[in-house]
Amino acid sequence: MPAALPDPNLLLIDDEPANIALLQAIFQRAGYRRVKGFTDPAEALAVAAVSAPDLVLLDLNMPRIDGYEVTRRLRETQPPGSFLPILILTADISSRSRQRALAGGATDFLTKPFDNTEVLQRCRNFLETRALHMALQDQNARLEEIVRRRTHDLEQTLAELRATQAMQVEQERMRALGEMSDGIADDFNNQLTAMLGYSDLLLLNDAQMLSNKILTRRYLENIRTAAQESSAIVGRLKKFCRPRATGDVFLPLNLSKLVQESATLTQPRWRGQARAGGATITVRLDLQSAPDVLGNAAELREVVANLVFNAVDAMPEGGTITLRTRRTDSGRVCLEVADTGIGMSQETRRRCLEPFFTTKHEAGKGLGLSMVYGVVKRHDGELNIHTAPGDGATISICLPAVEPVAIASAPEGATPRSRRSLRVLLVEDDPAVREAVSEYLRCDSHEVSTAVTGREGLEKFVEGNFDLVVTDLALEELNGEGLATAIREHDAAVPIILVTGYTDLVPREGRFNAVLHKPLVPGELWRAIAQVTAEGATLSEPQLVVL
Ligand SMILES: Nc1ncnc2c1ncn2[C@@H]1O[C@H](COP(=O)(O)OP(=O)(O)OP(=O)(O)O)[C@@H](O)[C@H]1O
Ligand SMILES: [Mg+2]
């Protein structure tokens, strides 16, 4: 059944009223109800602008506005892609005029005098074409809407998938941390046993014990050693679980040192867990000296941990894991984790980097290697896998090396002390640390003023007259970096020492004369003060003294 417009709107434009009357009669007799005739083209154009005609019958030769101009103006108002039939009413016109009319947008011609049947049949055909065109446009719009909605749904699903993936990666991190925490808690308890035990011994029978200076000193030394070991454990743990929210902190780092730390961190898994399952796993370190790479230490530690976990899983009967670092001829630094385990089939090798691909069923999420790959790519690195079934696997990661940065280290030997008494501003929010560091400073014969927040620190600095500032990094209101920047605006020369627990976040250049890591001991602080206040010491040389 042919498509039809329900009640088509017809426009007749001819300066000859007799022609209009004739055409109106033809159409009305054929049942068309909306047929409007105009002898004035301007009036017709005004009506067309508001009543959207479905078909226009148009004379060419008219005074003032001719048929060509009417065609042009009608076409101008039509939305792109629409189809409005414009039929030109002609007596016998030249082929040049016809071409001009067609080029200007006319659809066809009706020759005067009119043949009633031909007029009706032609118009019916064009109205049908218009109806089909409109139906097609309508369908296209509906299809576009469906595509738009589907795309929106897909985008939403993709965003949800990404969020789930990020969550899974985070959970994976926490799981790895959980696996390590048992071993770490054990190490911690051992150190706490020593500290509590020796201090109890000293306190229980204090008069007697404290008079034995040799024994007291030995006990105190044992407590100190245990505290130092605890601080090393905290350091390792903090390095592992520092959240990623701090953004991309890429600093020069020594890959061999990082591998060594990771080997220690993952020890509970390859030593404890493997042994509990009756297998023995040996970890061999083959670490060459190589230039630093620019990277995020926490992320790279996770990379090594994941590769080691995979190697452990691949050796249920035990075996050897080799952690190797080397420098390549192309100036890159490579890290390799090789195992003597079951290796991978071709299919596994091909798919192992895909997120959620695992051959471990419930025991694996399939996220380890995809996370590794993501981190390596972010570091501008390359990942290669050499493996064959039954022949172990070697995963190598190559990162671009950086030129070594000149970092002055503190001289070894006796702790130097300051030669003069300084007025020191100490900014630290933790009361215990504030008290301890104040005491360290007083023992080095300095005068100490303290502030709790960065803002208070700045106010005191502006009011006072200080020779040295010692500040924490994580402070309320204004952090250590902001404080140092503000202080530098008042006094470009005053030495500023930063004391921080965030080892990976220390700025590389700029505002600090020295950076000291928590837990801080008196000797380190005194040494740093002596260095930064020594004659000739400036901010730019050395820029950073890492003790
Ligand atoms: N060293 C390896 N030896 C043999 N197969 C490996 C090794 N490393 C990875 N694979 C294979 O690649 C797959 C994907 O590893 P991936 O680390 O991404 O996930 P997973 O270890 O299965 O799970 P998850 O790491 O999330 O706990 C593993 O299931 C395993 O089949
Ligand atoms: Mg894994």
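Relevant structure appears above.
Residues numbered from 1 in each chain as written. Chains lettered and ligands numbered in written order. Predicted model: local features only at pLDDT ≥ 70, side-chain atom pairs only at ≥ 80, totals over all residues. Heavy atoms only, no water.

A. View of the nonpolar core. Membership of the largest hydrophobic core comes to 37 residues, with the highest contact counts inside it found for Leu255, Leu307, Ile321, Leu323, Val372 and Ile397. In this view, Leu255 contacts Val293, Leu300, Thr325, Val333, Cys334, Leu335 and Leu399; residues no more than four positions away in its chain are not counted. Phe38, Ala48, Met62 and Val70 belong to the second-largest nonpolar core, a separate cluster that totals 22 residues. (Core = buried A, V, L, I, M, F, W, Y, C linked by side-chain atoms within 4.5 Å. Buried < 20%, exposed > 50% of the residue type's maximum accessible area, 1.4 Å probe, protein only. Contact = heavy atoms within 4.5 Å.)

B. Spatial organisation of the side chain of Arg488. As for its placement among the helices and strands, Arg488 is situated in helix H15 (residues 480–490). Within the buried core, Arg488 has no salt-bridge partner, and the shortest N-O distance to an opposite charge, that of Asp491, equals 5.8 Å. At 3.3 Å, the side chain of Arg488 forms a polar contact with the backbone oxygen of Ala492. (Helix = DSSP H or I, 4+ residues; strand = E, 2+ residues; numbered from the N terminus. Lys, Arg positive; Asp, Glu negative; His and termini not counted. Salt bridge = Lys/Arg side-chain N within 4 Å of Asp/Glu carboxyl O. Polar contact = N/O pair within 3.5 Å; in protein donor to acceptor, adjacent residues only side chain to side chain.)

C. The environment of Ser256, seen in detail. The residue Ser256 is located in helix H8 (residues 255–265) in this model. Of the residues examined, Ser256 reaches a relative accessible area of 11% and is grouped as buried. Linking Ser256 and Val333, residues 77 residues apart in sequence, is a C-alpha distance of 9.7 Å. Residues in contact with Ser256, not counting those within four places in the same chain, are Leu287, Gln288 and Thr325.

D. The sheet that holds strand E12 (residues 393–400), seen in detail. Taken in spatial order, the five strands line up as E7-E9-E10-E12-E11 in an open sheet, and their pairing is mixed. Across the chains shown, the open sheet's two edge strands, defined by having one partner strand only, are strand E7 (281–287) and strand E11 (382–387). Geometrically, the sheet is characterised by an average inter-axis angle of 15 degrees between neighbouring strands, direction not taken into account. Examined bridge by bridge, strand E9 (residues 319–327) and strand E10 (residues 332–339) share seven bridges and lie antiparallel to one another. Looking across to E10, one finds that Thr325 is bridged to Leu335. (Pairing = 2+ DSSP bridges. Axes fitted to C-alpha atoms, helices over the stretch in contact; angles between N-to-C directions.)

E. Spatial organisation of the state of the cysteines. Enumeration according to the criterion identifies one disulfide in this entry. Covalent S-S linkage joins Cys334 and Cys398, the inter-sulfur distance amounting to 2.0 Å. Linking Cys334 and Cys398, the disulfide has an S-S dihedral of approximately 100 degrees and is accordingly described as right-handed. Placement of Cys334 in strand E10 and of Cys398 in strand E12 is noted, with a sequence separation of 64 residues between them. For the residue pair Cys334 and Cys398, the accessibility class agrees, reading buried in each case. (Disulfide = S-S within 2.5 Å.)

F. Seen up close, the pairing of strand E16 (residues 468–472). Counting buried residues in E16 gives five out of five residues, a clear majority hidden from the surface. Residue alternation in E16 divides its side chains into two sets, Leu468, Val470 and Asp472 and Val469 and Thr471, and both sets are buried. Bridge analysis of strand E14 (residues 423–427) against E16 gives four bridges, and the strand direction is parallel. Along E16, the bridge assignment pairs Val427 with Thr471. Across four bridges, the pairing between E16 and strand E17 (residues 496–500) is parallel. Across the sheet, the residue bridging to Asp472 is Val499, located in E17.

G. Structural view of the pattern of salt bridges. One pass over the structure, following the stated rule, counts 26 salt bridges. Its salt-bridge partner being Glu118, residue Arg122 comes within 2.8 Å of it at the nearest N-O pair. Remark: Glu118 and Arg122 occur in helix H5 (residues 116–204); sequence separation between them is four residues, near one turn of the helix. On the basis of relative accessible area, Arg122 is assigned to the partly exposed category, the value being 26%.

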